[in-house]
Amino acid sequence: MMKISIVSITFNDGKLLKRTLDSIHAQELPPGTDIEHIIVDGGSSDESSQIITEAEKAGSIILHREPKGCYNALNEGIAATSGDIIGILHGNDLYAHNKVLANVVDTFAEHSPDFTYGDIRYIRPDNSLGRIYSARGFKAYEITKGFAPPHPSLFMTRGTMQKIGPYKEDYRVAADFELFVRLFLGKTTFSSRYIPGPAVLMQTGGLSSKLYSRLVTNTLEKRRALLENGFNTSFGRLMLRYLQYKR
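Calculation rules
- Residues numbered from 1 in each chain as written.
- Predicted model: local features only at pLDDT ≥ 70, side-chain atom pairs only at ≥ 80, totals over all residues.
- Heavy atoms only, no water.
- Helix = DSSP H or I, 4+ residues; strand = E, 2+ residues; numbered from the N terminus.
- Contact = heavy atoms within 4.5 Å.
- Buried < 20%, exposed > 50% of the residue type's maximum accessible area, 1.4 Å probe, protein only.
- Axes fitted to C-alpha atoms, helices over the stretch in contact; angles between N-to-C directions.
- Parallel < 35°, antiparallel > 145°, perpendicular 65-115°, else oblique.
- Left-handed = near helix turned anticlockwise from the far one by under 90°.
- Salt bridge = Lys/Arg side-chain N within 4 Å of Asp/Glu carboxyl O.

Another point: the environment of H90. Along the polypeptide, H90 turns up in the loop between β4 (85-88) and β5 (94-95). As a C-alpha pair, H90 and L226 span 136 residues in sequence and 25 Å in three-dimensional space. If we skip the residues at most four places from it in the chain, H90 touches I9, T20 and L74.

Although it is not a glycine, N12 adopts a positive phi angle of roughly 55°. As for its placement among the helices and strands, N12 is situated in the loop between β1 (2-10) and α1 (15-25). Classification of N12 by relative accessible area gives partly exposed; the value is 29%. The backbone of N127 shows a phi angle near 75°, a positive value even though the residue is not glycine. Mapped onto the elements of the fold, N127 is located in the loop between β6 (115-123) and β7 (129-133). Its relative accessible area of 52% is what places N127 among the exposed residues.

The next point concerns the packing of α1 against helix α2 (residues 48-57). Here α1 crosses α2 at 20°, and the two axes come no closer than 8 Å. Relative to α2, α1 is oriented roughly parallel. For α1 against α2, the interelement crossing comes out right-handed. Between α1 and α2, the residues in contact are K15, L17, K18 and L21 and S48, I51, I52 and A55, respectively.

Let's shift gears to the pattern of salt bridges. Applying the stated criterion across every chain, the model contains nine salt bridges. Between R224 and D170 there is a salt bridge, and its shortest N-O distance comes to 2.7 Å. Highlighted residues: R224 in helix α7 (residues 211-228) and D170 in the loop between α5 (158-164) and α6 (175-185), separated in sequence by 54 residues. For D170, a relative accessible area of 52% translates into the label exposed. Of the charged contacts, one joins E228 and R224 as a salt bridge, the two residues approaching to 2.8 Å between their closest N and O atoms. Within this pair, E228 and its partner R224 are both found in helix α7, separated by four residues, close to a single helical turn. In this structure E228 comes out as partly exposed when scored by relative accessible area, which is 42%. One continuous salt-bridge network, built from bridges that share partners, spans K168, D170, E178, R182, R224 and E228.

The following block contains the structure:
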């Protein structure tokens, strides 16, 4: 029996959270696979509260936590998992189709990577589909230029999560990038596998998508992530990624 754990963090996501849950329940898993779903709620006061109650009745594990940032919520949720494979699905995103988790499980069973990653597609506020952010052809050295695979497409084995350690909670928007630095370029060597095609439909409008946050805060934090892991770079060099953008 293989278990895959999915962590969803949420705060007043309302109907979007219901959409997230529906996409999880629609997953068609291979025989012998169990799913564990953990919701970390930062104190929602809108209709999310009723949706979370219904999710608990349906089998989701609910953690109510005082808001301390999204990376703290992710760490809290991951710490509560018991699955062989761990993934995340934020409370306003959804899986791109009903075979996403089956593809992930099959990839781990066949190739035994330490972690996998794939593509995502953005959803605009009017629910129309936006561009695809693809990790096809991604090379580890691109991390030093500020590029990384889309974070919502990441799945890791429990052993990898234990070795790599938690997200750094003193980052505002780039702790996911810092985690990728450790995964791809850290002192411990991990094996990875790219899974083609969009895995997650990601809602636009999050903190990291705001202009100042994307251009300045995100770039400064990516520079910090590289420096803290032994890679010298500059703010200007990382800003060049917007001219070199190819995904």
